Amino acid sequence: MKRRNFIATAAVGSAGLASASAMVSNNQGQSKEFKLKHNINHSVCEWCFNDIPLEDFLKTLNELGVKAIDLVGPDRWPILKKYDIHCSMCNGAEISLTEGWNNPKYHEQLIKNYTEMIPKVAEAGYTNLICFSGNRDGMNDYVGLQNCVDGLSQIIPLAEKHGVVIQMELFNQVNHPDYMCDNSLWGVELCKHLGSDNFKLLFDIYHMQIQEGDIIRSIQNYHPYFGHYHTAGVPGRHEIDETQELYYPAIIKAIHDTGFTGYVAQEFITTWDDKIEALKDGFMRCDI
């Protein structure tokens, strides 16, 4: 192709991309028909929308037909029950993201916290309780894995007794430097060592796209060890629309094809003026 023809063709292509971008931008705030098929159990992480009063947000979820919310602690479970919203991922037993099960010096406190929290989760009618590996702080990954096994093994029997699933979240190294549970294989190995259906991985699609990619293959290969999913756009942890690199309908289909019956929770930070419209858009893209 001659240079002048290439430049002309490129100009037309650029104009097309600009037009497409404008179309995406113009969709912000415009209501589309919203009707969920419920082939997927939808949830949303409360912290991403915490500038909206919780009761108002729960009312909105009721209007949308979304029955669950993530990362709410026991002090606010009564409010969830008031609006018949399920807590699909409980928190409140952890120390922090960086101080976790891979370091024995935190085991005494963590065992106390989880021993107290597990029965509360079960009594409330919930199932999932989050946990974290903690940072390496110079620790070898194999040592950290064994430390996690040693500590978690002391609470897993209680989780089994109460039907609670302890779920360790996978993080990337860009947002959470030095976090140990930063890849699927390490997490899967921990699951295998613990050997209990009451310990799973929270597979955060955003984090693992940044850290290792190959999202659909990971879901297909390791889905028995994944008990929960989080979404967000890459880069930036924003909307899961055409402005980012992941194609969520295919990812959600891969999750559905494994027979997964747990929850997929939206965990993006919206850039739209109308946050609820952005959330509705995210739900629809994951509603196969």
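Residues numbered from 1 in each chain as written. Predicted model: local features only at pLDDT ≥ 70, side-chain atom pairs only at ≥ 80, totals over all residues. Heavy atoms only, no water.

The name recorded for the protein chain in an unreviewed UniProt entry is Hydroxypyruvate isomerase, from Flagellimonas lutimaris.

## What to know about the overall build of the protein chain
What counts is decided by this rule: Every helix listed is a DSSP run of H or I at least four residues long, and every strand listed is a run of E at least two residues long, numbered separately from the N terminus. Under the scheme applied here, a residue whose accessible area is under 20% of the maximum for its type counts as buried, over 50% as exposed, and between as partly exposed, the area being computed with a 1.4 Å probe on protein chains only. We call two residues contacting when some pair of their heavy atoms lies within 4.5 Å. The method behind every accessible area is Shrake-Rupley, applied with a 1.4 Å probe, and residues are considered shielded solely by the protein chains displayed.
Along the backbone of the protein chain there are 11 helices and 8 strands. Here the protein chain holds 288 residues, and the buried ones make up 50% of them. Partitioning the contacts of the protein chain with sequence separation of at least 6, the portion at a separation of at least 24 is 75%. Accessible surface, the protein chain as shown: approximately 13,400 Å² in total, 50% of it carbon and sulfur.

## Here we look at the side chain of Glu 46
Of note, Glu 46 is situated in the loop between β1 (41–44) and α2 (54–64). Setting aside residues no more than four positions away along its own chain, Glu 46 makes contact with Leu 54, Ile 69, Asp 70, Val 72 and Arg 76.

## Section: the packing of helix α9 (residues 215–222) against helix α10 (residues 248–257)
The description of two helices packed together rests on the angle between their axes and the distance between the axes. For the record, the criterion: Axis lines are fitted through C-alpha atoms, for helices just across the contact stretch, and the angle between N-to-C directions can take any value from 0 to 180 degrees. What sets the label is the angle itself: under 35 degrees gives roughly parallel, over 145 gives roughly antiparallel, 65 to 115 gives roughly perpendicular, and the rest give oblique. For this classification, Asp, Glu, Lys and Arg are treated as charged, while Ala, Val, Leu, Ile, Met, Phe, Trp, Tyr, Cys and Pro are nonpolar and the rest, including Gly, are polar.
The N-to-C vectors of α9 and α10 enclose an angle of 5 degrees; their axes lie 9 Å apart at closest approach. By the criterion of interaxial angle, the relationship of α9 to α10 is roughly parallel. Taken together, the residues of α10 that come into contact with α9 (itself represented by Ile 215, Ile 216 and Ile 219) are Ala 250, Ile 251, Ala 254 and Ile 255. Taken together, the residues of the contact of α9 with α10 break down into 7 nonpolar, no polar and no charged.

## Points about the pairing of strand β3 (residues 86–90)
Walk down a regular strand and you will see the side chains alternate between the two sheet faces. The criterion, for reference: In this description, strands pair whenever DSSP reports at least two bridges between them. The handedness of a crossover follows from its direction of travel: if, with the strands pointing away from the viewer, the path from the first strand over the helix to the second runs clockwise, the crossover is right-handed.
Burial within β3 is extensive, with 4 of its 5 residues counted as buried. One ladder, built from 4 bridges, connects strand β2 (residues 68–72) with β3; its direction is parallel. In the sheet register, Val 72 faces β3, and the bridge partner there is Cys 90. One crossover worth recording links β2 to the parallel β3 by way of helix α3 (residues 77–82), and it is right-handed.

## Regarding unusual backbone geometry
With omega at 0 degrees, the peptide bond leading from Val 234 into Pro 235 counts as cis. Not every positive phi belongs to a glycine, and Asp 84 is a case in point at roughly 55 degrees. The phi angle at Arg 237 is positive, at roughly 60 degrees, despite the residue not being glycine. Within the fold, Arg 237 resides in the loop between β7 (226–231) and α10. Residue classification places Arg 237 among the buried residues on the basis of a relative accessible area of 10%.

## Quick notes on the nonpolar core
Let me state the cut-off plainly: As used in this record, nonpolar core signifies buried Ala, Val, Leu, Ile, Met, Phe, Trp, Tyr and Cys residues forming a set joined through side-chain atoms within 4.5 Å.
In this structure, Ile 166, Met 168 and Phe 199 are the most contacted members of the largest nonpolar core, which totals 88 residues. At 6 residues, the largest contribution of residues to this core is made by helix α4 (residues 107–123). Residues contacting Ile 166, with those up to four places away along its chain left out, are Tyr 114, Ile 118, Leu 129, Cys 131, Leu 152, Ile 155, Ile 156, Ala 159, Asn 198, Phe 199 and Lys 200.

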